[in-house]
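Observations on chain architecture
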Amino acid sequence: MIETLTILGGGGWFPAHGRQTACALLRRGEHAILIDAGTGVGRLVERPELLDGIRRVDIVLTHFHLDHVAGLAYLPGTLRVCEERTVWGPGKLLYGRSTRELLATVTHEPFHPVPFEDQEIDVRDLSGAPFELAGVEIATRRQDRHSAPTLGLRFGDALAWITDTAFDPDSARFAAGCRLLAHEAWCTTGRPRNIDIHSSAAQAAEVAMRSEAGSLLLIHLPPFEHDLDVLVSEARAVVPGTIAAEDEHDYSELFEGPVGAPIQGVH
Ligand SMILES: [Zn+2]
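Residues numbered from 1 in each chain as written. Predicted model: local features only at pLDDT ≥ 70, side-chain atom pairs only at ≥ 80, totals over all residues. Heavy atoms only, no water.

Comments concerning the overall build of the protein chain
A tally of regular secondary structure across the protein chain gives nine helices and 13 strands. Projected onto its principal axes, the C-alpha coordinates of the protein chain cover approximately 55 × 35 × 35 Å. In the protein chain, once contacts between residues fewer than 6 apart in sequence are set aside, the share between residues at least 24 apart is 65%. Total accessible area computed for the protein chain in this model is approximately 11000 Å², and 52% of it derives from carbon and sulfur atoms. Positive and negative side-chain charges in the protein chain, numbering 23 and 38 respectively, have mean positions lying 3 Å apart. (Helix = DSSP H or I, 4+ residues; strand = E, 2+ residues; numbered from the N terminus. Contact = heavy atoms within 4.5 Å. Areas by Shrake-Rupley, 256 points an atom, 1.4 Å probe, with all protein chains shown as cover. Lys, Arg positive; Asp, Glu negative; His and termini not counted. Charge placed at Lys NZ, Arg CZ, Asp CG, Glu CD.)

Pasting the structure below:
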């Protein structure tokens with residue numbers, strides 16, 4: 001069972017209004033998992049105690065857009081304290097090229113001076129089959145409704161993580177019965193933006209309703225908005241209690257509900 005979930009970067013595309021880009025920290029015992037490695041990785045310098053007692057870190061990437069991998073350049077300054085470090089990516093699975101090969105481009109000169117091999121960071125490909133990290137079974141799902149394919153992630157019955165996709169009815173099946181659904185919310189119905197590759201707050205709420213997730217956390221928030229009230233209100237009209245992710249906040253309490261407790265929605 002995952003013990004803690006801390007959002008390190010709740011924003012999408014670029015950092016703004018105090019939100020770094022895509023990164024979340026899960027902890028269980030001496031093992032940590034980072035979901036994506038956006039600029040939020042830098043929070044680990046501001047909050048080094050988040051890694052207290054952690055020996056092993058696995059970074060699981062949903063895709064390779066820069067707002068999800070820029071923080072890989074920060075690893076020499078943030079994760080050196082951990083003995084074992086592995087990056088898992090969907091290179092072969094989604095793009096037919098190994099994750100090692102794809103990341104080598106941006107983690108070597110002329111982009112970056114300290115390649116992974118000099119940091120003893122292992123790089124592996126996700127196979128598409130369920131696998132286990134920190135004693136948690138992780139399932140992946142190919143999402144074809146972004147500008148390039150992305151992966152949805154599911155961590156046992158605790159958490160489904162769905163980002164960088166336009167609304168996809170199949171997301172709800174993948175997330176069915178999770179205690180917490182973290183789903184991107186890029187805009188509102190009234191002010192749509194990139195709706196062919198991203199989801200609105202109402203669509204995130206619809207996925208939560210259909211999946212009967214216990215709670216809904218909005219992630220990959222738009223950098224254009226300082227105030228997220230309209231976004232949150234739109235989701236809450238369907239899923240009361242919806243929360244917009246705040247950087248550095250711990251959302252572990254959202255795992256505490258029973259599995260599959262249906263959200264009390266407005267029908
Ligand atoms: Zn993104």
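As for empty space enclosed by the protein
Under the definition given, this model contains two cavities of 30 Å³ or more. When its volume is computed, the largest cavity comes out at roughly 40 Å³. Lining the largest cavity, in full, are G9, G10, G11, A22, H68, W161, T163, I219 and H220. Among the residues making up the lining of the largest cavity, the classes are represented as three nonpolar, six polar and no charged. Size it by volume and the second largest cavity reaches roughly 30 Å³. Lining of the second largest cavity is provided by I2, L26, R27, R28, H31, I33 and A134. At the level of elements, β2 (23–28) and β3 (31–35) are the ones that each hand at least two residues to the lining of the second largest cavity. Ranked by residues supplied to the lining of the second largest cavity, first place goes to β2 with three residues. Looking at the lining of the second largest cavity residue by residue, the classes come out as four nonpolar, one polar and two charged. (1 Å grid on protein atoms, 1.4 Å probe; cavity = no way out; pocket = protein on both sides within 12 Å on 5 of 7 lines; lining within 4 Å. Points joined across faces, edges and corners; volume = space filled by probe spheres on them. Nonpolar A, V, L, I, M, F, W, Y, C, P; charged D, E, K, R; others polar.)

Let's talk about the coordination of the zinc ion
Protein coordination at the zinc ion: the donors are D67 (OD), H68 (NE2), D164 (OD) and H220 (NE2), at 2.1 to 2.3 Å from the metal. Coordination at the zinc ion is irregular, judged from the four donor atoms that bind it and the angles of 91 to 161 degrees they form at the metal. Spacing between the donor residues of the zinc ion along their common chain follows D-H-x95-D-x55-H. Placement of the pair is D164 in the loop between β10 (159–162) and α7 (169–175) and H220 in the loop between β12 (215–219) and α9 (229–236), with a sequence separation of 56 residues. Across the pair, H220 and D164 agree in class, each one buried. (Donors = N, O, S within 2.8 Å, 3.2 Å for Na, K, Ca; no water. Tetrahedral: all angles 85-135°; square planar, octahedral: opposite > 155°, others 65-115°. Buried < 20%, exposed > 50% of the residue type's maximum accessible area, 1.4 Å probe, protein only.)

Section: the packing of helix α8 (residues 201–211) against α9
The interhelical angle for the contact between α8 and α9, taken along N-to-C directions, is 35 degrees, at an axis separation of 8 Å. For the pair α8 and α9, the sense of crossing is right-handed. Of α9, the residues touching α8 (which contributes A201, A202 and A205) are L231, E234 and A235. Considering only residue class, the contact of α8 with α9 consists of five nonpolar, no polar and one charged. (Axes fitted to C-alpha atoms, helices over the stretch in contact; angles between N-to-C directions. Left-handed = near helix turned anticlockwise from the far one by under 90°.)

Examining the nonpolar core
L5, F155, L159, W161, L181 and L218 are the most contacted members of the largest nonpolar core, which has 55 residues in total. Per-element tally for this core: the top contributor is α8, with five residues. Ignoring sequence-local partners within four residues, the contact set of L159 consists of L26, I35, L153, R154, C178, L180, A182 and F255. Residues L34, I54, L102 and L103 belong to the second largest nonpolar core, which totals 26 residues. (Core = buried A, V, L, I, M, F, W, Y, C linked by side-chain atoms within 4.5 Å.)

Considering the pairing of strand β8 (residues 136–143)
Where burial is concerned, most of β8 is hidden: six out of the eight residues are buried. Bridge count between strand β7 (residues 131–133) and β8: three bridges; the pairing is antiparallel. Among the inter-strand pairings, E132 is bridged to a residue of β8, identified as E137. Once β7 ends, the chain turns through two residues before running back antiparallel as β8, passing A134 with a positive phi of about 55 degrees. Relative to strand β9 (residues 150–155), β8 runs antiparallel, the two being bridged by six bridges. What sits directly across from I138, in β9, is F155. Joining the antiparallel neighbours β8 and β9 is a turn of six residues. (Pairing = 2+ DSSP bridges.)

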